[in-house]
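Chain by chain, the residues run as shown.
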Amino acid sequence: AQSVTQLDSQVPVFEEAPVELRCNYSSSVSVYLFWYVQYPNQGLQLLLKYLSGSTLVKGINGFEAEFNKSQTSFHLRKPSVHISDTAEYFCAVSDLRGDYKLSFGAGTTVTVRA
Amino acid sequence: DVKVTQSSRYLVKRTGEKVFLECVQDMDHENMFWYRQDPGLGLRLIYFSYDVKMKEKGDIPEGYSVSREKKERFSLILESASTNQTSMYLCASSSGQPAYEQYFGPGTRLTVT
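Here the structure is a predicted model, which is why all the values come from computation and not from measurement.

**Thoughts on the nonpolar core**
Logical step 1: One finds Trp35, Leu48, Leu76 and Tyr89 of chain A to be the most contacted residues of the largest nonpolar core, which totals 28 residues.
Logical step 2: Among residues more than four places away in sequence, those in contact with Leu48 of chain A are Leu33, Phe34, Trp35, Val57, Lys58, Gly59, Phe63, Glu64, Ala65, Phe74 and Leu76 of chain A.
Logical step 3: The next biggest cluster of nonpolar side chains, apart from the first, holds 20 residues, and it includes Val4, Leu11, Trp34 and Leu78 of chain B.

**Considerations on the sheet that holds strand E8 (residues 73-78) of chain B**
Residue and element names in this part refer to chain B.
Logical step 1: Taken together, the four strands give an open sheet; going across it, the order is E1-E3-E8-E7, and neighbouring strands pair in antiparallel fashion. Bordering the open sheet on either side are strand E1 (4-6) and strand E7 (64-70), each of which pairs with just one other strand. Adjacent strand axes in the sheet meet at a mean angle of 20°, parallel and antiparallel pairs treated alike.

**Notes on the state of the cysteines**
Residue and element names in this part refer to chain A.
Logical step 1: With the rule as written, the count across this model stands at two disulfides over all chains.
Logical step 2: The side chain of Cys23 participates in a disulfide bridge whose partner is Cys91; the two sulfur atoms lie 2.0 Å from each other. One quick way to see it: the torsion about the S-S bond of Cys23 and Cys91 is about -65°, and its sign makes the bridge left-handed. Of the two residues, Cys23 sits in strand E4 (residues 23-26) while Cys91 sits in strand E10 (residues 87-95), which places them 68 residues apart along the sequence. Exposure class is identical for Cys23 and Cys91. Each is buried.

Rules used throughout
Residues numbered from 1 in each chain as written. Chains lettered and ligands numbered in written order. Predicted model: local features only at pLDDT ≥ 70, side-chain atom pairs only at ≥ 80, totals over all residues. Heavy atoms only, no water. Core = buried A, V, L, I, M, F, W, Y, C linked by side-chain atoms within 4.5 Å. Buried < 20%, exposed > 50% of the residue type's maximum accessible area, 1.4 Å probe, protein only. Contact = heavy atoms within 4.5 Å. Pairing = 2+ DSSP bridges. Helix = DSSP H or I, 4+ residues; strand = E, 2+ residues; numbered from the N terminus. Axes fitted to C-alpha atoms, helices over the stretch in contact; angles between N-to-C directions. Disulfide = S-S within 2.5 Å.

Shape descriptors only; they carry no functional weight alone.
Next up, the structure:
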(Lines give C-alpha, C1' and ligand atoms only; values in the text may rest on other atoms or scores of the structure.)
Protein backbone atom coordinates (compact mmCIF):
# COMPACT_ATOMS: atom_id res chain seq x y z
CA ALA A 1 0.00 0.00 0.00
CA GLN A 2 1.13 3.54 -0.65
CA SER A 3 0.96 6.59 1.61
CA VAL A 4 1.50 10.32 1.25
CA THR A 5 2.88 12.86 3.71
CA GLN A 6 2.49 16.57 3.15
CA LEU A 7 5.05 18.17 5.38
CA ASP A 8 3.34 21.52 5.92
CA SER A 9 -0.26 21.92 6.98
CA GLN A 10 -0.32 25.73 6.60
CA VAL A 11 1.81 27.96 4.39
CA PRO A 12 1.32 31.73 4.63
CA VAL A 13 3.00 33.67 1.82
CA PHE A 14 3.04 37.21 0.51
CA GLU A 15 1.76 38.06 -2.94
CA GLU A 16 4.44 37.77 -5.68
CA ALA A 17 6.69 35.66 -3.42
CA PRO A 18 7.63 32.08 -4.35
CA VAL A 19 6.04 29.10 -2.65
CA GLU A 20 7.01 25.45 -2.26
CA LEU A 21 4.71 22.74 -0.94
CA ARG A 22 6.43 19.55 0.11
CA CYS A 23 5.13 16.04 -0.53
CA ASN A 24 6.78 12.71 0.28
CA TYR A 25 5.35 9.33 -0.57
CA SER A 26 6.03 5.71 0.22
CA SER A 27 5.32 2.79 -2.04
CA SER A 28 6.86 -0.57 -2.79
CA VAL A 29 6.10 -0.21 -6.51
CA SER A 30 6.31 2.49 -9.15
CA VAL A 31 3.73 5.22 -8.87
CA TYR A 32 1.87 7.97 -10.61
CA LEU A 33 1.83 11.29 -8.73
CA PHE A 34 -0.68 14.12 -8.72
CA TRP A 35 -1.27 17.55 -7.24
CA TYR A 36 -4.84 18.76 -6.85
CA VAL A 37 -6.11 22.17 -5.75
CA GLN A 38 -9.33 22.94 -3.90
CA TYR A 39 -10.52 26.54 -3.94
CA PRO A 40 -12.95 27.61 -1.20
CA ASN A 41 -16.33 25.88 -1.48
CA GLN A 42 -15.34 23.90 -4.55
CA GLY A 43 -14.33 20.36 -5.45
CA LEU A 44 -10.81 19.33 -6.34
CA GLN A 45 -9.25 20.04 -9.71
CA LEU A 46 -6.04 18.66 -11.16
CA LEU A 47 -3.01 20.96 -11.16
CA LEU A 48 -0.49 18.56 -12.66
CA LYS A 49 0.57 14.93 -12.80
CA TYR A 50 3.69 12.83 -13.19
CA LEU A 51 3.34 9.61 -15.14
CA SER A 52 6.80 9.01 -16.59
CA GLY A 53 9.57 10.77 -18.49
CA SER A 54 10.86 14.19 -17.50
CA THR A 55 10.97 14.63 -13.76
CA LEU A 56 9.97 18.30 -14.01
CA VAL A 57 6.27 18.59 -14.65
CA LYS A 58 4.47 21.81 -15.55
CA GLY A 59 0.84 22.35 -14.71
CA ILE A 60 -1.87 24.96 -14.86
CA ASN A 61 -1.69 28.46 -13.37
CA GLY A 62 2.12 28.58 -13.42
CA PHE A 63 2.69 25.65 -11.05
CA GLU A 64 5.37 23.02 -11.53
CA ALA A 65 6.54 19.99 -9.59
CA GLU A 66 9.67 17.87 -9.53
CA PHE A 67 9.66 14.12 -9.08
CA ASN A 68 12.65 12.80 -7.13
CA LYS A 69 12.65 9.03 -7.05
CA SER A 70 15.61 8.63 -4.72
CA GLN A 71 14.03 10.92 -2.13
CA THR A 72 10.47 9.72 -2.90
CA SER A 73 9.32 13.31 -3.15
CA PHE A 74 7.09 15.35 -5.44
CA HIS A 75 7.33 18.98 -4.31
CA LEU A 76 5.12 21.66 -5.84
CA ARG A 77 6.43 25.15 -6.64
CA LYS A 78 5.31 28.46 -8.02
CA PRO A 79 7.80 31.31 -8.53
CA SER A 80 5.31 34.13 -7.87
CA VAL A 81 1.93 33.65 -6.21
CA HIS A 82 -1.26 35.66 -6.53
CA ILE A 83 -4.08 36.27 -4.10
CA SER A 84 -6.15 33.87 -6.20
CA ASP A 85 -3.78 31.01 -5.33
CA THR A 86 -5.23 30.95 -1.83
CA ALA A 87 -6.54 27.40 -1.60
CA GLU A 88 -5.91 23.94 -0.19
CA TYR A 89 -3.48 21.73 -2.08
CA PHE A 90 -3.44 17.95 -2.04
CA CYS A 91 -0.72 15.57 -3.12
CA ALA A 92 -1.92 12.13 -4.26
CA VAL A 93 -0.31 8.90 -5.38
CA SER A 94 -1.50 5.88 -7.31
CA ASP A 95 0.56 2.77 -7.71
CA LEU A 96 0.72 0.86 -10.97
CA ARG A 97 -1.16 -2.22 -9.88
CA GLY A 98 -4.20 -1.03 -11.78
CA ASP A 99 -6.76 -0.65 -9.04
CA TYR A 100 -7.34 3.01 -9.95
CA LYS A 101 -7.29 4.21 -6.35
CA LEU A 102 -5.60 7.40 -5.20
CA SER A 103 -4.10 7.93 -1.76
CA PHE A 104 -4.20 11.55 -0.66
CA GLY A 105 -2.10 13.56 1.74
CA ALA A 106 -3.69 15.59 4.52
CA GLY A 107 -3.49 18.79 2.51
CA THR A 108 -1.62 22.11 2.71
CA THR A 109 -3.53 25.34 3.12
CA VAL A 110 -1.88 28.22 1.28
CA THR A 111 -2.89 31.72 2.30
CA VAL A 112 -1.61 34.51 0.10
CA ARG A 113 -1.49 37.96 1.66
CA ALA A 114 -1.14 41.32 -0.08
CA ASP B 1 -15.49 19.07 -20.23
CA VAL B 2 -16.02 16.32 -17.70
CA LYS B 3 -18.86 17.08 -15.39
CA VAL B 4 -19.48 15.41 -12.05
CA THR B 5 -22.54 16.64 -10.23
CA GLN B 6 -23.74 15.96 -6.72
CA SER B 7 -27.38 16.22 -5.72
CA SER B 8 -26.95 18.69 -2.86
CA ARG B 9 -24.32 21.22 -1.78
CA TYR B 10 -25.59 21.36 1.79
CA LEU B 11 -27.66 18.85 3.72
CA VAL B 12 -28.86 18.77 7.31
CA LYS B 13 -30.19 15.50 8.73
CA ARG B 14 -31.12 14.14 12.13
CA THR B 15 -29.42 11.29 13.93
CA GLY B 16 -30.87 7.96 12.84
CA GLU B 17 -32.19 9.16 9.49
CA LYS B 18 -31.38 7.31 6.28
CA VAL B 19 -29.43 9.61 3.98
CA PHE B 20 -28.86 9.33 0.23
CA LEU B 21 -26.10 11.26 -1.53
CA GLU B 22 -26.29 11.10 -5.31
CA CYS B 23 -23.51 11.55 -7.84
CA VAL B 24 -23.79 11.67 -11.63
CA GLN B 25 -21.03 11.88 -14.23
CA ASP B 26 -21.48 12.59 -17.91
CA MET B 27 -18.25 11.18 -19.41
CA ASP B 28 -19.06 7.48 -19.55
CA HIS B 29 -16.39 6.75 -16.93
CA GLU B 30 -16.08 3.20 -15.64
CA ASN B 31 -14.77 4.11 -12.20
CA MET B 32 -16.54 6.11 -9.52
CA PHE B 33 -15.49 6.96 -5.98
CA TRP B 34 -16.89 8.37 -2.75
CA TYR B 35 -14.57 10.22 -0.38
CA ARG B 36 -14.98 11.89 2.94
CA GLN B 37 -12.98 15.07 3.62
CA ASP B 38 -12.22 16.21 7.18
CA PRO B 39 -9.81 18.94 8.31
CA GLY B 40 -6.31 17.61 8.87
CA LEU B 41 -7.17 14.18 7.46
CA GLY B 42 -7.32 14.92 3.75
CA LEU B 43 -9.55 12.71 1.63
CA ARG B 44 -10.39 9.21 2.77
CA LEU B 45 -11.91 6.67 0.42
CA ILE B 46 -15.24 5.23 1.53
CA TYR B 47 -16.26 3.05 -1.44
CA PHE B 48 -15.50 2.77 -5.11
CA SER B 49 -16.95 1.02 -8.12
CA TYR B 50 -15.32 -0.29 -11.29
CA ASP B 51 -18.51 -1.04 -13.13
CA VAL B 52 -22.25 -1.18 -12.85
CA LYS B 53 -23.41 -3.24 -9.87
CA MET B 54 -19.82 -3.65 -8.69
CA LYS B 55 -18.50 -2.10 -5.49
CA GLU B 56 -15.39 -2.31 -3.40
CA LYS B 57 -14.75 -1.12 0.15
CA GLY B 58 -12.31 1.68 0.62
CA ASP B 59 -10.48 2.65 3.78
CA ILE B 60 -13.46 3.71 5.91
CA PRO B 61 -16.63 1.85 4.78
CA GLU B 62 -18.19 1.36 8.20
CA GLY B 63 -21.62 2.97 8.47
CA TYR B 64 -21.93 3.46 4.70
CA SER B 65 -23.19 1.52 1.70
CA VAL B 66 -23.33 2.30 -2.01
CA SER B 67 -25.40 1.56 -5.06
CA ARG B 68 -24.51 1.68 -8.73
CA GLU B 69 -27.43 0.60 -10.90
CA LYS B 70 -26.42 2.72 -13.89
CA LYS B 71 -22.97 3.54 -15.20
CA GLU B 72 -23.36 7.29 -14.75
CA ARG B 73 -24.79 7.25 -11.22
CA PHE B 74 -23.18 6.29 -7.92
CA SER B 75 -25.10 6.71 -4.67
CA LEU B 76 -23.75 6.81 -1.14
CA ILE B 77 -26.14 5.67 1.60
CA LEU B 78 -25.92 6.34 5.30
CA GLU B 79 -28.26 3.71 6.73
CA SER B 80 -28.60 5.43 10.10
CA ALA B 81 -26.86 8.78 10.22
CA SER B 82 -24.74 9.62 13.25
CA THR B 83 -23.13 12.86 14.35
CA ASN B 84 -19.65 11.52 13.57
CA GLN B 85 -20.69 11.34 9.92
CA THR B 86 -20.89 15.13 9.75
CA SER B 87 -18.40 15.91 7.02
CA MET B 88 -17.78 17.00 3.43
CA TYR B 89 -18.49 14.22 0.94
CA LEU B 90 -16.82 14.25 -2.46
CA CYS B 91 -17.65 12.11 -5.46
CA ALA B 92 -15.16 11.45 -8.26
CA SER B 93 -14.96 9.51 -11.49
CA SER B 94 -12.21 8.28 -13.77
CA SER B 95 -11.83 6.33 -16.96
CA GLY B 96 -8.59 4.70 -15.96
CA GLN B 97 -6.94 6.63 -18.80
CA PRO B 98 -4.78 8.59 -18.64
CA ALA B 99 -3.32 7.04 -15.59
CA TYR B 100 -6.19 7.20 -13.15
CA GLU B 101 -6.79 10.96 -13.14
CA GLN B 102 -9.96 11.55 -11.14
CA TYR B 103 -12.54 14.26 -11.75
CA PHE B 104 -14.38 15.60 -8.74
CA GLY B 105 -17.81 16.95 -8.01
CA PRO B 106 -18.33 20.13 -5.93
CA GLY B 107 -19.01 18.22 -2.73
CA THR B 108 -21.90 17.86 -0.29
CA ARG B 109 -21.50 19.27 3.17
CA LEU B 110 -23.55 17.03 5.44
CA THR B 111 -24.45 18.02 8.98
CA VAL B 112 -26.03 15.42 11.26
CA THR B 113 -27.67 16.85 14.36
